[in-house]
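Structural features, examined
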Amino acid sequence: MDFGTLLGLVGGLLVLYLSIAGDGGSIKTFMNAHPVIVVFGGTTSVVLMKFGIKNFLGAFKTAGKAFFFKKYSHEEIIEEAVKIADAARKGGLLSLEGIEIKNEFMKKGIQLLIDGHEPEVMKKILTKEMNLTVERHMWGQKVFKAMGEAGPAMGMIGTLMGLVLMMSNMSDPKSIGPAMAIALLATFYGAVVANMLALPIAEKLELRSNEERLSKSLVIDALLGIQVGQNPRVIEEALKNYLPRNKRGSSVNDAA
Amino acid sequence: MDFGTLLGLVGGLLVLYLSIAGDGGSIKTFMNAHPVIVVFGGTTSVVLMKFGIKNFLGAFKTAGKAFFFKKYSHEEIIEEAVKIADAARKGGLLSLEGIEIKNEFMKKGIQLLIDGHEPEVMKKILTKEMNLTVERHMWGQKVFKAMGEAGPAMGMIGTLMGLVLMMSNMSDPKSIGPAMAIALLATFYGAVVANMLALPIAEKLELRSNEERLSKSLVIDALLGIQVGQNPRVIEEALKNYLPRNKRGSSVNDAA
Amino acid sequence: MDFGTLLGLVGGLLVLYLSIAGDGGSIKTFMNAHPVIVVFGGTTSVVLMKFGIKNFLGAFKTAGKAFFFKKYSHEEIIEEAVKIADAARKGGLLSLEGIEIKNEFMKKGIQLLIDGHEPEVMKKILTKEMNLTVERHMWGQKVFKAMGEAGPAMGMIGTLMGLVLMMSNMSDPKSIGPAMAIALLATFYGAVVANMLALPIAEKLELRSNEERLSKSLVIDALLGIQVGQNPRVIEEALKNYLPRNKRGSSVNDAA
Amino acid sequence: MDFGTLLGLVGGLLVLYLSIAGDGGSIKTFMNAHPVIVVFGGTTSVVLMKFGIKNFLGAFKTAGKAFFFKKYSHEEIIEEAVKIADAARKGGLLSLEGIEIKNEFMKKGIQLLIDGHEPEVMKKILTKEMNLTVERHMWGQKVFKAMGEAGPAMGMIGTLMGLVLMMSNMSDPKSIGPAMAIALLATFYGAVVANMLALPIAEKLELRSNEERLSKSLVIDALLGIQVGQNPRVIEEALKNYLPRNKRGSSVNDAA
Amino acid sequence: MDFGTLLGLVGGLLVLYLSIAGDGGSIKTFMNAHPVIVVFGGTTSVVLMKFGIKNFLGAFKTAGKAFFFKKYSHEEIIEEAVKIADAARKGGLLSLEGIEIKNEFMKKGIQLLIDGHEPEVMKKILTKEMNLTVERHMWGQKVFKAMGEAGPAMGMIGTLMGLVLMMSNMSDPKSIGPAMAIALLATFYGAVVANMLALPIAEKLELRSNEERLSKSLVIDALLGIQVGQNPRVIEEALKNYLPRNKRGSSVNDAA
């Protein structure tokens, strides 16, 4: 799990809970079927109209994978690649059979090496898979951004519906306050869905997409070096030169 | 019919109905001539001013076609092309007369083949038709996006009109609530028209436009191969290489 | 007159009238000097500050010309060009003196031909005029877009002024409603000016600009062909090839 | 002084005055220290944070210069250049000493000519000065655009402050109206500052920047021609060819 | 410390204080746990979800450095470079050991010179460090811009929560005003955080980033000249030619 995302998600919910409880309010005031149906049902409907069922479900799968699958630092990838290159140099490519490899993408590539595929073929297969991942992330971003736009719009629609119903029947003055509270809940849910869930996830998927593209490129380059039996030290140097700018981009406190 | 769009459209209307009924409200509260005239009449007027009658009507025709015409998957197109290529190889181009072809665009192209047109001419005619389709979609998008902008604007104008009328005559306090309800209905309709109809359709047309362009390119390439009597296997391979990235783009769950 | 624009403009005003009358309201409620001065005077002031007097007045002139001057379809232009080319072939360029020509731009070009100008010179003069037209449209668009931004801003300013005045003196409760109605009128006028006038005109000018550029290019090409005595059939073919994509762009229902 | 800008500025203030007076209101209602401090002080603070003191003050200086300094039409510049070229042809460059030159930039360039600088050096010095002017305008635009964003934001902040203070102490119902009026004044001032001052000035500076760049380029080209003793007629022709498109861009009514 | 930023920051806070005190209000009215938790806690959560903990903390570190670290004018850098070049010319590179250098980046580079690194190596190391600084600023900008978006969104969410709680329990009319005041505080804090803190800092970081890139490039160029023993006058001239446009860009009042 991506720790920052988890912390932000849990922290956000906690903030909402605390500020309700801190006002002596009851969380039940915020549980109401009407706004929930309008905002969640409506947002889902709009996104379905725009992107279809497959892309809608796929976006959640992509987001789930992006947050729960293990992420390897570039250093870990380079280290593992050097270890494998060492083994291949000593015992040949076939000796890699059975070697323990943590990174799934590297494992797949090594299997292709052992199976004796040409460099061209291996590169093509792995690049295709890398592009598939990038495109999944791209579609995920599109869907979550669309949810980030549809959420507040459906919230406004829900609130307007509530206000229209309330105002067309104002015989009981005591019911006005609670009816208005329920109407406003739709705007509240719409704003929460967009700003605290959908848009941050879309942004996160964009960052993850760049990271994935880089770390998979790294693996592909390492495998091509291993295949032709390059010196592990040369591979290490080449990989480190390969990524400096991008790698540094993902961390901000290793510089003076 | 495009299933996701249908589901989203019906789902959206259902959501609106449920949340009105769920509040014990009557759907009649939302039926009122004033806001309907302002929002629907006004939006139509604005779009007519911007794009003229032909483009306005054309946009609905384009949207209708995009949603109701049968869509062929790239696999179906390749399969059909291979079948035809087989037949052409065995019996010559003339033997294709009378062969059953599901895809309309392929049918038209085959007829050009049978009529003995040069490859250059056939490619020109079919490319022209492909471009016409893309441009129809482009104009459709423009019109629906303009409706998505004009809808909320007219909604606001309608609500302001209602409020001005209400406030300039407040002698009967009991009429204030219902008058305000009617005024708010204009904003409600404007938001619904834009967010639950016009903008999703515009987005959908953009996706359909890309799909159409790709599948028509695919057919044109297949026909050029068939015309020169290429091996059906070669055609299949070429078509599959042709589209990988784009094809994958439209589906998100066929990758690890 | 551009029929769609006229229809949209009249339709929009009708919609406003109907929905006022439909509520049993009086159109007089919407006539008030205060908001009219703020919105129309203020919008004019802002646009003058931005673009100066010449460009401000020029924009209206450009819009007037764009809507009232006769527009020729590309087919009419090609037809007329072929007719003139026929005449020129039979009787020489000088025989074109006195020939009736509907299209003003073509007429001007033919006069240059008769006067014996070199092709280079004629092309330069006509291209310069074409660019002048395009630039007039561009400035017209800028001015109307600026009005579309300034209108709602001045409407808000007018409403705020009305509210401030009303709230600073609330001794007579009965005057609150009507005072607020007048304040809201400013927002109403600002929204109407922007959404039902200025922005649609700006959009229309953009479309007209593209059409003008294309049809004037067409005339220039025709004249160059006529000058060197090309076969009218060749000219027709060349002109038709010249514009297919663009021509189709302006109409959406001539395709399968 | 730029007449359109002056007219727009004075007209805008007049519009505000008239619509206050037209409602029988007193201009004193709009004079209040609280919103003035928040909007003007706050906007200044935000712009200072963004751009620093030098750029903030420089923007006003730039705007002042842009509006009050004499602007020369391209025709006047060409005319003056031709006159000088004539004089230089007859009496040599040195005879230009003491000649009366209206355009400041031209004057500076002529002095460089008389001092016997190389064409390269003169071009470098004058181009540098031209770029300095363009950059001053660019910074001026940035500052005024930032004011156009900060103004409404500070207006909202001021209104929120006023509302919070008002609502936390509502013991005297009679004070609610006036307190709310004062609160709304902040939004009013923010909207006026942004829409009727800062943004129009930013837009104007952009136009002026393009005009200045063009007219200074014109002067530089003229001086280079004068220095090598070109025929005044050739210089005139070259300058006219140089600018047609741009020149026309700044005026809209010299074309059919 | 960057003086303009400090002045703007202090000035902004003063403006808020004055306009509260100027209305006879108490600053305590604006101290309330509920909106503080929602806005500050919520904004932090959203930014953490988007960028993770490292980038979040790094942004504050970057902003702190940008505002508190000494900034050198380009003139100071050039002057110091010339002084060092003089010393190096007289006593050789080794004589630079122990020379007092104010600019940290220059100091680091001189040390590399003394250590006898090749020009290529030195340039690579220093360019890498320059890029690291630019990227830190870029991430800082991203984080502060995200705060500028999340702040108002969380403010709206907080206000909606307050309103919902208030309206669902309106038994005591006297509590309505103060409850609404507290609800509005969330919007107030969101607007203040975004407009008076986060967005100006993001903008400032962008300007600082450009300045840093330029002044570090300047140092690198100076060091390369010093290393090969160029004439200090030549170095000075080259550096001055190097930066004219950019340097002038950062100051607006040194031109006619």
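A brief look at the structure comes next.

Scoring rules and cut-offs
Residues numbered from 1 in each chain as written. Chains lettered and ligands numbered in written order. Predicted model: local features only at pLDDT ≥ 70, side-chain atom pairs only at ≥ 80, totals over all residues. Heavy atoms only, no water. Helix = DSSP H or I, 4+ residues; strand = E, 2+ residues; numbered from the N terminus. Rg over C-alpha atoms; globule rule 2.2 N^0.38 Å. Buried < 20%, exposed > 50% of the residue type's maximum accessible area, 1.4 Å probe, protein only. Contact = heavy atoms within 4.5 Å. Areas by Shrake-Rupley, 256 points an atom, 1.4 Å probe, with all protein chains shown as cover. Lys, Arg positive; Asp, Glu negative; His and termini not counted. Charge placed at Lys NZ, Arg CZ, Asp CG, Glu CD. Buried area = accessible area lost by both parts, 1.4 Å probe. Salt bridge = Lys/Arg side-chain N within 4 Å of Asp/Glu carboxyl O. Polar contact = N/O pair within 3.5 Å; in protein donor to acceptor, adjacent residues only side chain to side chain. Expected span 1.5 Å × (residues − 1). Phe/Tyr/Trp six-rings, centres within 6.5 Å; stacked < 30°, edge-to-face > 60°. Lys NZ or Arg CZ within 6 Å of the ring centre and 35° of its normal. Least-squares fit on C-alpha atoms with pLDDT ≥ 70 in both. Axes fitted to C-alpha atoms, helices over the stretch in contact; angles between N-to-C directions. Parallel < 35°, antiparallel > 145°, perpendicular 65-115°, else oblique. Left-handed = near helix turned anticlockwise from the far one by under 90°. Nonpolar A, V, L, I, M, F, W, Y, C, P; charged D, E, K, R; others polar. Bend = angle between axes of the 7 residues up to and from the residue. Patch = residues over 30% accessible without salt bridge, like charges linked within 9 Å, V, L, I, M, F, W, Y side chains within 5 Å.

Looking now at the overall build of chain A. In terms of regular secondary structure, chain A is built from eight helices and zero strands. Each helix (α) and strand (β) of chain A, taken in turn from the N terminus, gives the series α-α-α-α-α-α-α-α. The globule rule puts the C-alpha radius of gyration for 256 residues at 18 Å, and the 25 Å found for chain A is more than 25% above it. Taken along the three principal axes of its C-alpha coordinates, chain A extends 90 × 40 × 30 Å. Within chain A, buried positions represent 52% of all 256 residues. Sequence-distant contacts, at least 24 apart, represent 79% of the contacts inside chain A between residues at least 6 apart. Looking at chain A as shown, the accessible area adds up to about 11,400 Å², and 60% of this sits on carbon and sulfur atoms. Across chain A, the centroid of the 29 positively charged side chains sits 3 Å from that of the 25 negatively charged ones.

With that out of the way, let us pick up the environment of G116 of chain C. For G116 of chain C, the position within the fold is in the loop between α4 (104-114) and α5 (119-167). Sequence spacing of G116 of chain C and L93 of chain C is 23 residues, and the spatial spacing of their C-alpha atoms is 8.8 Å.

On to the interface of chain B and chain C. Taken residue by residue, the interface counts 39 residues in chain B and 48 residues in chain C. Between chain B and chain C, a total of about 3,900 Å² is buried, with carbon and sulfur atoms accounting for 72% of that surface. The tally of links between chain B and chain C comes to zero salt bridges. Remark: the boundary between chain B and chain C carries two residue pairs in polar contact (both at pLDDT 80 or more).

Our next topic: the side chain of K216 of chain C. With respect to the helices, strands and loops of the structure, K216 of chain C is situated in helix α6 (residues 176-227). Leave out the neighbours within four places in its chain, and K216 of chain C touches F105, M130 and T133 of chain C.

Given a rise of 1.5 Å per residue, 49 residues ought to cover 72 Å, and the 72 Å separating the end C-alpha atoms of helix α5 (residues 119-167) of chain B matches this to within 8%. Most of α5 of chain B sits out of view: 35 of its 49 residues are buried.

This part covers the pattern of salt bridges. Under the definition given, this model contains 34 salt bridges over all chains. Across the salt bridge formed by K108 of chain C and E129 of chain C, the nearest N and O atoms sit 2.6 Å from each other. With K108 of chain C in helix α4 and E129 of chain C in helix α5, the pair connects residues that are 21 residues apart, well separated along the chain. With relative accessibility at 36%, the residue K108 of chain C sits in the partly exposed group. The salt bridge involving E236 of chain D is made with R233 of chain D; its shortest N-O contact spans 3.8 Å. In this pair, E236 of chain D and R233 of chain D are both assigned in helix α7 (residues 232-242), three residues apart and thus about one turn of the helix distant. The class of E236 of chain D is partly exposed, set by a relative accessible area of 22%. The exposure class assigned to R233 of chain D is partly exposed, which follows from its relative accessible area of 45%.

Turning next to the packing of aromatic side chains. According to the stated counting rule, one finds 30 aromatic pairs over all chains in the structure shown. Centre to centre, the rings of F60 of chain E and F144 of chain E are 5.4 Å apart; their planes meet at 70 degrees, and the pair counts as edge-to-face. Taken together, the residues F60 of chain E in helix α2 (residues 33-68) and F144 of chain E in helix α5 (residues 119-167) connect sequence positions 84 residues apart. Accessibility expressed as a relative area gives 39% for F60 of chain E, which makes it partly exposed. Its guanidinium or amino end placed over the ring of W139 of chain A, K142 of chain A lies 5.2 Å from that ring's centre, counting from NZ or CZ.

Here the two chain copies are tied together by a rotation about an axis and a shift along that axis. If you rotate chain B by 72 degrees and push it 0.1 Å along the axis, it lands on chain C with an RMSD of 0.0 Å. Look at the turn and shift together and you get a five-fold axis relating the two.

Regarding chain B and chain D, which are not in contact, the minimum distance between any of their C-alpha atoms is 16 Å. With respect to C-alpha atoms, chain C approaches chain E no nearer than 16 Å, and the pair has no contact.

Below, the discussion takes up the environment of K142 of chain B. Of note, K142 of chain B is situated in helix α5. K142 of chain B gets classed as partly exposed once you look at its relative accessible area, which sits at 36%.

What follows concerns the packing of helix α2 (residues 33-68) of chain A against helix α6 (residues 173-227) of chain A. Residues and elements named next belong to chain A. Two numbers describe how α2 lies on α6: the axes approach to 13 Å, and their chain directions differ by 15 degrees. As far as their axial angle goes, α6 and α2 are roughly parallel. Viewed along their axes, α2 and α6 form a crossing whose handedness is left-handed. Judged by residue contacts, H34, P35, V36, V39, F40, T62, A63, A66 and F67 of α2 engage I182, L185, A186, Y189, G190, V193, I201, K204, L205 and R208 from α6. Its residues assigned to classes, the contact of α2 with α6 comprises 14 nonpolar, three polar and two charged.

All right, on to the interface of chain A and chain E then. It is common to report an interface's size as the accessible area lost on association of the parts. Contacts between the two partners involve 48 residues from chain A and, on the opposite side, 38 residues from chain E. Both sides of the chain A and chain E interface together cover about 3,900 Å² of buried area, and 72% of this is carbon and sulfur. On inspection of chain A and its partner chain E, the count reaches zero salt bridges. Between the two partners, chain A and chain E, sit two residue pairs in polar contact (both at pLDDT 80 or more). For the side of chain A that touches chain E, the element with the most residues is α6 of chain A, which contributes 19 residues.

Let's shift gears to the side chain of H137 of chain B. Residue placement: H137 of chain B occurs in helix α5. Beyond its immediate sequence surroundings of up to four residues, H137 of chain B is in contact with T62, A66, L205, R208, S209 and E212 of chain B.

What follows deals with helix α6 (residues 176-227) of chain E. The end-to-end C-alpha distance of α6 of chain E is 74 Å, a good match for the 76 Å that 52 residues give at a rise of 1.5 Å each. At A194 of chain E, α6 of chain E shows its strongest bend, of approximately 35 degrees.

All names here are of chain C. Where α5 contacts α6, the axes come no closer than 8 Å and their chain directions differ by 175 degrees. With respect to their mutual orientation, α5 and α6 come out roughly antiparallel. Among the residues making up the contact of α5 with α6, the classes are represented as 26 nonpolar, 16 polar and seven charged.

Time to look at a nonpolar patch on the surface. Among the surface-exposed residues, I37 of chain A together with L14, Y17, L18, I27 and M31 of chain B lie close enough to one another that they form a single nonpolar patch of about 560 Å² accessible area. Within the secondary structure, L14 of chain B sits in helix α1 (residues 3-22).

Spatial relationships are all this shows, so hold off on functional conclusions.
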